[in-house]
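Here's the letter readout for the chains.
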Amino acid sequence: MLRIVLGLVVLAGLVACTDQTAARPEIIAANHFVSGEPPSLTIVNMKNVGSGASEHTGLLINGSEQVLFDPAGNFRHPRSPRAGDVHYGVTPVIFQAYNSFHARSDYYLTIQKLPMTLAQADALIARAQAQGPTRQMFCADTVASVLQDMPQFADVRRTMFPSAIERYFAQYPGVSTTTFYESDEGKN
């Protein structure tokens with residue numbers, strides 16, 4: 001039994017290391033997108049319909065450019081190159097594709113948006129870029145790590161549970177929360 005468990009752990013580690021090739025800098029630069037919206041941080045939590053628990057979390061950071069930080073995520077889009085877990089050129093269409101990729105009959109999203117300054121958003125982008133690829137099942141821990149050194153998020157605790165990140169931000173002054181549902185099974 002121990003061999004089976006160890007074999008599964010090794011297999012999970014190998015899967016987590018696949019397809020981590022970063023896009024070339026010129027490709028990333030060519031896909032630079034600046035949103036006309038004010039700077040903000042948007043936290044997206046993928047929630048299980050049955051349990052209500054968040055099972056994955058990602059960040060849309062709108063600063064000098066708009067990027068998507070999807071730690072340990074498997075979202076890919078041909079017009080959004082990535083390096084590590086940061087996707088570049090994240091237009092509203094690509095963000096909608098990200099949301100649609102995750103929402104289905106048994107999962108929905110909570111989307112929490114928090115206004116911030118341009119300097120704060122750019123600092124978060126830099127922190128996300130410095131992370132590199134995240135191992136599977138460590139999305140919440142990595143998101144907490146990116147956030148917790150920022151003064152306004154000093155009380156964020158490291159956690160393995162995306163629901164903890166969601167609960168924290170639900171209480172943050174100025175956050176707006178929406179939900180996103182889709183039932184297009186098999187079309188993601």
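Refer to the structure printed above.
Here we summarise the structure given alongside this text. Computed from a prediction, not measured in an experiment: that's the story for all the values here.

1. Some remarks on the packing of helix 5 (residues 139-148) against helix 6 (residues 162-170)
- Direction vectors running N to C along helix 5 and helix 6 enclose 40°, while the axes themselves pass 8 Å from each other. By the angle between their axes, helix 5 is oblique relative to helix 6. Here helix 5 contributes Cys 139, Ala 140, Val 143, Ala 144 and Leu 147 to the contact with helix 6, which in turn contributes Pro 162, Ile 165 and Phe 169.
- Grouping the constituent residues of the contact of helix 5 with helix 6 by class yields 8 nonpolar, no polar and no charged.

2. Overview of the sheet that holds strand 4 (residues 82-83)
- Strands sit in the order 4-5-3-2-1-6-7 across an open sheet of 7 strands; the sheet is antiparallel. One side of each edge strand has no neighbouring strand; the edge strands of this open sheet are strand 4 and strand 7 (176-180).
- Across the sheet, helix 4 (residues 118-131) lies against strand 1 (40-48), strand 2 (54-62), strand 3 (66-69) and strand 5 (86-87), angled at about 125° from strand 2, the strand it touches most.

3. So, the pairing of strand 3
- Neither face of strand 3 is exposed, since Gln 66 and Leu 68 on one face and Val 67 and Phe 69 on the opposite face are all buried.
- Between strand 2 and the antiparallel strand that follows it, strand 3, lie 3 residues.
- Sheet analysis places strand 3 next to strand 5, joined by 2 bridges and oriented antiparallel. In the sheet register, Phe 69 faces strand 5, and the bridge partner there is Val 86.

4. Describing the nonpolar core
- Of all hydrophobic cores here, the largest spans 28 residues; its most connected members are Leu 41, Ile 61, Leu 124, Leu 147, Phe 153, Ile 165 and Phe 169.
- Breaking this core down by element, the ones donating at least two residues are strand 1, strand 2, strand 3, helix 4, helix 5 and helix 6.
- For this core, the element with the most residues is helix 5, which contributes 5 residues.
- Once residues lying within four places of it in the same chain are set aside, the contact partners of Leu 124 are Leu 41, Ile 61, Met 116, Val 146, Leu 147, Met 150 and Phe 153.

5. Structural notes on the pairing of strand 6 (residues 107-115)
- The element strand 6 is largely enclosed, with a buried count of 7 among its 9 residues.
- Relative to strand 6, strand 1 is paired through 9 bridges, and the arrangement is antiparallel. Counted as the bridge partner of Ser 40 is Pro 115 from strand 6.
- Here strand 6 runs beside strand 7; their pairing, made up of 5 bridges, is antiparallel. Along strand 7, the bridge assignment pairs Gln 112 with Thr 177.

Calculation rules
- Residues numbered from 1 in each chain as written.
- Predicted model: local features only at pLDDT ≥ 70, side-chain atom pairs only at ≥ 80, totals over all residues.
- Heavy atoms only, no water.
- Axes fitted to C-alpha atoms, helices over the stretch in contact; angles between N-to-C directions.
- Helix = DSSP H or I, 4+ residues; strand = E, 2+ residues; numbered from the N terminus.
- Parallel < 35°, antiparallel > 145°, perpendicular 65-115°, else oblique.
- Contact = heavy atoms within 4.5 Å.
- Nonpolar A, V, L, I, M, F, W, Y, C, P; charged D, E, K, R; others polar.
- Pairing = 2+ DSSP bridges.
- Buried < 20%, exposed > 50% of the residue type's maximum accessible area, 1.4 Å probe, protein only.
- Core = buried A, V, L, I, M, F, W, Y, C linked by side-chain atoms within 4.5 Å.

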